[in-house]
Number of protein chains: 2
Amino acid sequence: MIALPQQITAAIESLAKLPGIGPKTASRLVYHLIKKPASDVESLGRSLMLLKKDLCFCEQCFQITDHHICSICSNTKRQQKQIMVVEEPLDVMAFERMKEYDGVYHVLHGILKPMDGIGPEMLKITELVQRVKTLSQEASVEVILSISPSLEGESTASYIAQLLRFLPHVQVMRIGVGIPIGSSVEYADEITLSQAFHGRRVLSQS
Amino acid sequence: MIALPQQITAAIESLAKLPGIGPKTASRLVYHLIKKPASDVESLGRSLMLLKKDLCFCEQCFQITDHHICSICSNTKRQQKQIMVVEEPLDVMAFERMKEYDGVYHVLHGILKPMDGIGPEMLKITELVQRVKTLSQEASVEVILSISPSLEGESTASYIAQLLRFLPHVQVMRIGVGIPIGSSVEYADEITLSQAFHGRRVLSQS
């Protein structure tokens, strides 16, 4: 192999560390960037350099934010007694795109994975229980467990439900599981079908 | 939509401008980076900021380099009379990975695309003809047109062959076209099959 200029190798190596980007894609991206005006490339570099500056977790919901309390938790128009529990910060964005939810969130930052050594103490579960406990002293609280319905997701949801069971005035909900819109029954796996069957709703009744 | 911290939005927008990376992938990459140590993220940012610094075209072959003459052209062990003509800088890397070629290159920086307004004057064609002309005054020169065998690639190759035709001591070659190794005849399109048929070689003869 010929020796590439050092700055090209460095950029390829850095980009190739990103998930889903291998050395070939990284090379393509770098040569794409080389063709762009220097100001564009520098602004990309600068935006990444500054990315983590002043970022922190929201003290209430553990969303990533640049304030002590994030813009959702500090929004007085949102229901503070309706807490949607999600795995990752990006899940919050997904639900916000839905534009229907006006409660708040709680980001776990992962799910229980005993095989990978990820136990409850590595997630924001204690903080959730504490938060719900404090809130439920005043009025009833709805906790919606919007964790992905995988095997590990289900056991995380059960674990949390178990912890919250003995708190008074707390309703623990699980997000609906079934066949996604646009998909077809034919292609659904048996477990999804079984869950969809058990989660059936009344459409009309005479 | 909730307002994301400004540094997150900036990073997502910058990454989403890269080819093959949409807003969703950009978000995933950014949240992946946020979880990484600050030093890793800063080093990625810095490597991109410095990417274009001191880069230039090799004055002989127009490869991207940080010297006036690139490491291939300045390597005295390589055949300076064998010139492989490629479309893009990354094509040089592809041939170098082959580890069999010991000639030099000439990077066109594109191919003729009359529909997109890309004419010969926007490519390094005049420079190629001049380079071959100078070289061929001393000894015979082999020019290998390793341009991709698309419709536009073929017409670019013909155009260059036409220009070089009247120079003495110049042999113009076209890279082999056919069925790629590991692929199967069944899936090859007719044009590739036709080219493979016309490009057949003698394996043994009695």
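Reading the values: the criteria
Residues numbered from 1 in each chain as written. Chains lettered and ligands numbered in written order. Predicted model: local features only at pLDDT ≥ 70, side-chain atom pairs only at ≥ 80, totals over all residues. Heavy atoms only, no water. Domains from an automatic or database assignment. Patch = residues over 30% accessible without salt bridge, like charges linked within 9 Å, V, L, I, M, F, W, Y side chains within 5 Å. Areas by Shrake-Rupley, 256 points an atom, 1.4 Å probe, with all protein chains shown as cover. Salt bridge = Lys/Arg side-chain N within 4 Å of Asp/Glu carboxyl O. Helix = DSSP H or I, 4+ residues; strand = E, 2+ residues; numbered from the N terminus. Buried < 20%, exposed > 50% of the residue type's maximum accessible area, 1.4 Å probe, protein only. Core = buried A, V, L, I, M, F, W, Y, C linked by side-chain atoms within 4.5 Å. Contact = heavy atoms within 4.5 Å. Phe/Tyr/Trp six-rings, centres within 6.5 Å; stacked < 30°, edge-to-face > 60°. Lys NZ or Arg CZ within 6 Å of the ring centre and 35° of its normal. Polar contact = N/O pair within 3.5 Å; in protein donor to acceptor, adjacent residues only side chain to side chain. Nonpolar A, V, L, I, M, F, W, Y, C, P; charged D, E, K, R; others polar.

A. Focus on the domain arrangement of chain A. Each assigned domain of chain A is listed here: domain 1 (6-49) and domain 2 (57-174). Using only C-alpha atoms to locate each centre, domain 1 of chain A and domain 2 of chain A end up separated by 36 Å.

B. Spatial organisation of a nonpolar patch on the surface. Residues and elements named next belong to chain B. A surface patch of nonpolar side chains, about 220 Å² in accessible area, is lined by Ile179, Val185 and Leu193. Within the fold, Val185 resides in the loop between β6 (170-174) and α7 (190-198). Classification of Val185 as exposed rests on a relative accessible area of 52%.

C. The pattern of salt bridges, seen in detail. All names here are of chain A. Counted under the stated rule, the structure contains 10 salt bridges over all chains. The partner of Glu96 in a salt bridge is Arg78, with the nearest N and O atoms 2.8 Å apart. Placement of Glu96 in helix α4 (residues 89-98) and of Arg78 in the loop between β2 (64-65) and β3 (79-86) is noted, with a sequence separation of 18 residues between them. Arg78 carries the same exposure label as Glu96, and that label is buried. Where Glu154 meets Arg174, a salt bridge forms, and the shortest distance between an N and an O atom there is 3.3 Å. With a gap of 20 residues between them, Glu154 in helix α6 (residues 151-164) and Arg174 in strand β6 (residues 170-174) connect regions that are remote in the sequence.

D. Structural detail: the nonpolar core. Residues Ile8 of chain A together with Ile8 of chain B are the most contacted members of the largest nonpolar core, which totals 38 residues. At the level of elements, α1 (6-16), α2 (23-35) and α3 (38-49) of chain A together with α1 (6-16), α2 (23-35) and α3 (38-49) of chain B are the ones that each hand at least two residues to this core. Contacts of Ile8 of chain B, omitting those with residues within four sequence positions, involve Leu51, Leu55 and Ile64 of chain A together with Val30, Tyr31 and Ile34 of chain B. One finds Val92, Phe95, Val104 and Ile147 of chain A within the second-largest nonpolar core, a separate group that totals 35 residues.

E. The packing of aromatic side chains, seen in detail. Residues and elements named next belong to chain A. Under the criterion given, the structure shown has 2 aromatic pairs over all chains. Seen from their ring centres, Tyr101 and Tyr105 are 5.2 Å apart, and the 65 degrees between their planes marks the pair as edge-to-face. For the pair Tyr101 and Tyr105, one class covers both residues: buried. The positively charged end of Arg200 is found above the aromatic ring belonging to Phe197, 4.4 Å away from the centroid.

F. Broad picture of the interface of chain A and chain B. The interface of chain A with chain B comprises 57 residues on the first partner and 57 residues on the second. Across the chain A-chain B interface, the total number found is 2 salt bridges. When the shortest N-O distance is used, the salt bridge between Lys35 of chain B and Glu88 of chain A registers 3.0 Å. At the boundary of chain A and chain B, one finds 10 residue pairs in polar contact (both at pLDDT 80 or more). Of all the secondary structure elements, the ones that give two or more residues to the side of chain A that touches chain B are α1, α2, α3, β2 and α4 of chain A. Of the residues in the side of chain A that touches chain B, the class split is 31 nonpolar, 11 polar and 15 charged.

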